[in-house]
Amino acid sequence: MLPASIQITGELLSAAEVQDICESLKEDSVRLLSVRGCQLSDRDFGRVCRSVAESHSIAQLNLNLGVVSSVGRTRHLADALKTNRSLQTLFLHGSPLLDAGLVTLNAALSTHPTLVCLDLGDCMLGDQALGLICGMLPPDGAKSGLRELTLSANPGISSKGWARLSIAVAHSSQLRVLNLDYNQLGDQIAGMLAVAVASSRTLEVLDLEGTGLTNHSAQVDQSQSPILLLLSSQWYQVFLDMVENYPTSLRVLVLAENDISPELQQQIVDLLSDGDEDEDREAMPLPTGPTSSSALQPIRDKYQPLRDKYQPIRDKYQPLTWLPHSSKG
């Protein structure tokens, strides 16, 4: 029997339905479980977590939109992750974890042997949590770490925290996709990220949509160091210089919803496209036109519900169609 997917969105799950899900997990017949936005009792949530712990087939678990809504549920999930050995992708977008919740999950997340994709967008995280996340991006020569990381819409993280993440990204030996959209990063952090991209040999996708970037000269504190002055006022020049003069793996940069001129965006697109052509002459050409270039397009559906969200419970078992890791929806 081929592994199936169970995808339910925004429903009130009965004890019988939860039992059905648990049995399927224990029988190793589920590869993808999504209960995003669903309501279930604390007891039933614990049952699901214990079944996830026992499952050898589950690879993707979607608990987006408030399913992990309490300290007790966070502990249940941490216990499940400590035992499970098959999970590759975990979505917790829109869960009120706070820093304390990530402290609870940290040991299980950082030591999980197969976890490579983690979505912690809109989880009310701060600098303490981000410090723990940086530990999941080990430097070259260390243990394997995350390949895809989403930290969208966590306004509690300070500039100091984002600077620390930039350093971790620069030295990460695994990270390929980084989604930081809808955080107020500003031009200074963007400059730091440009340097991190130049240092990284793996990062291919960087989403900076709606992060407060500009291509205007900023009013900065002249007492800052020369490096900080440069990063504050001219992040885009740092980035353009990096793409033009240094080898980089970056192929997609999302800059929508920022105060950046179309001319600058197109210049960045052209440079990234030239890098693609240099590395692979046989690759399909990128689409042309001001709005069709893939280098500035999001690679996942942002805040979009799953198309099959209102399937009745009896129809929830479907042959597995693997979803892209980077799918906030």
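See the structure shown above.
What you see is a predicted model; the values in this text were computed from it and never measured.

(A) Main features of the overall build of the protein. Counting its secondary structure elements, the protein contains 10 helices and 10 strands. Across the protein, the fraction of contacts at a sequence separation of at least 24, relative to all contacts at a separation of at least 6, is 84%. When the accessible surface of the protein is split by element, carbon and sulfur atoms take 52% of a total near 15,000 Å².

(B) Focus on the packing of helix H2 (residues 42-54) against helix H3 (residues 71-83). Where H2 contacts H3, the two axes come as close as 8 Å, and the packing angle between them is 10°. Classified by the interaxial angle, the pair formed by H2 and H3 is roughly parallel. Across the interface between the two elements, Asp42, Phe45, Gly46, Cys49, Arg50 and Ala53 of H2 pack against Arg73, His76, Leu77, Ala80 and Thr83 of H3. Looking at the contact of H2 with H3 residue by residue, the classes come out as five nonpolar, three polar and three charged.

(C) Representation of the environment of Leu33. Along the chain, Leu33 falls in strand E2 (residues 30-34). A C-alpha to C-alpha distance of 8.5 Å links Leu33 and Ala59, two positions 26 residues apart in sequence. Here Leu33 is in contact with Ile6, Ile21, Leu25, Val48, Ile58, Gln60, Leu61 and Asn62, once residues within four sequence places are set aside.

(D) View of the pairing of strand E1 (residues 4-7). Residues Ala4 and Ile6 of E1 are buried on one face, and the alternating residues Ser5 and Gln7, pointing to the opposite face, are buried as well. Bridge analysis of E1 against E2 gives four bridges, and the strand direction is parallel. Pairing of Gln7 across the sheet is with Ser34, part of E2. In the classification by handedness, the crossover that spans E1, the intervening helix H1 (residues 15-26) and the parallel E2 is right-handed.

(E) Summary view of unusual backbone geometry. In this structure, Asp28 is a non-glycine residue whose phi angle is positive, near 55°. Looking at the secondary structure, you find Asp28 in the loop between H1 and E2. Take Asp28: its relative accessible area is 32%, and that puts it in the partly exposed class.

(F) Spatial organisation of H2. Taking 1.5 Å of rise per residue, 13 residues should cover 18 Å, and H2 covers 19 Å from first to last C-alpha, within 8% of that figure. Those residues of H2 not exposed but buried are Asp44, Phe45, Gly46, Arg47, Val48, Cys49, Ser51, Val52 and Ala53. Of the surrounding elements, those touching the buried residues of H2 are H1, E2, strand E3 (60-62) and H3.

(G) A look at the pairing of E2. The buried fraction of E2 is high, at four of five residues. In this structure, E2 lies alongside E3, joined through three bridges in parallel fashion. Each residue of the ladder has a partner; that of Leu32, found in E3, is Gln60. In this region the chain leaves E2, passes through H2 and returns to the parallel neighbour E3; the handedness of that crossover is right-handed.

Conventions adopted
Residues numbered from 1 in each chain as written. Predicted model: local features only at pLDDT ≥ 70, side-chain atom pairs only at ≥ 80, totals over all residues. Heavy atoms only, no water. Helix = DSSP H or I, 4+ residues; strand = E, 2+ residues; numbered from the N terminus. Contact = heavy atoms within 4.5 Å. Areas by Shrake-Rupley, 256 points an atom, 1.4 Å probe, with all protein chains shown as cover. Axes fitted to C-alpha atoms, helices over the stretch in contact; angles between N-to-C directions. Parallel < 35°, antiparallel > 145°, perpendicular 65-115°, else oblique. Nonpolar A, V, L, I, M, F, W, Y, C, P; charged D, E, K, R; others polar. Buried < 20%, exposed > 50% of the residue type's maximum accessible area, 1.4 Å probe, protein only. Pairing = 2+ DSSP bridges. Right-handed = clockwise from strand over helix to strand, strands pointing away. Expected span 1.5 Å × (residues − 1).

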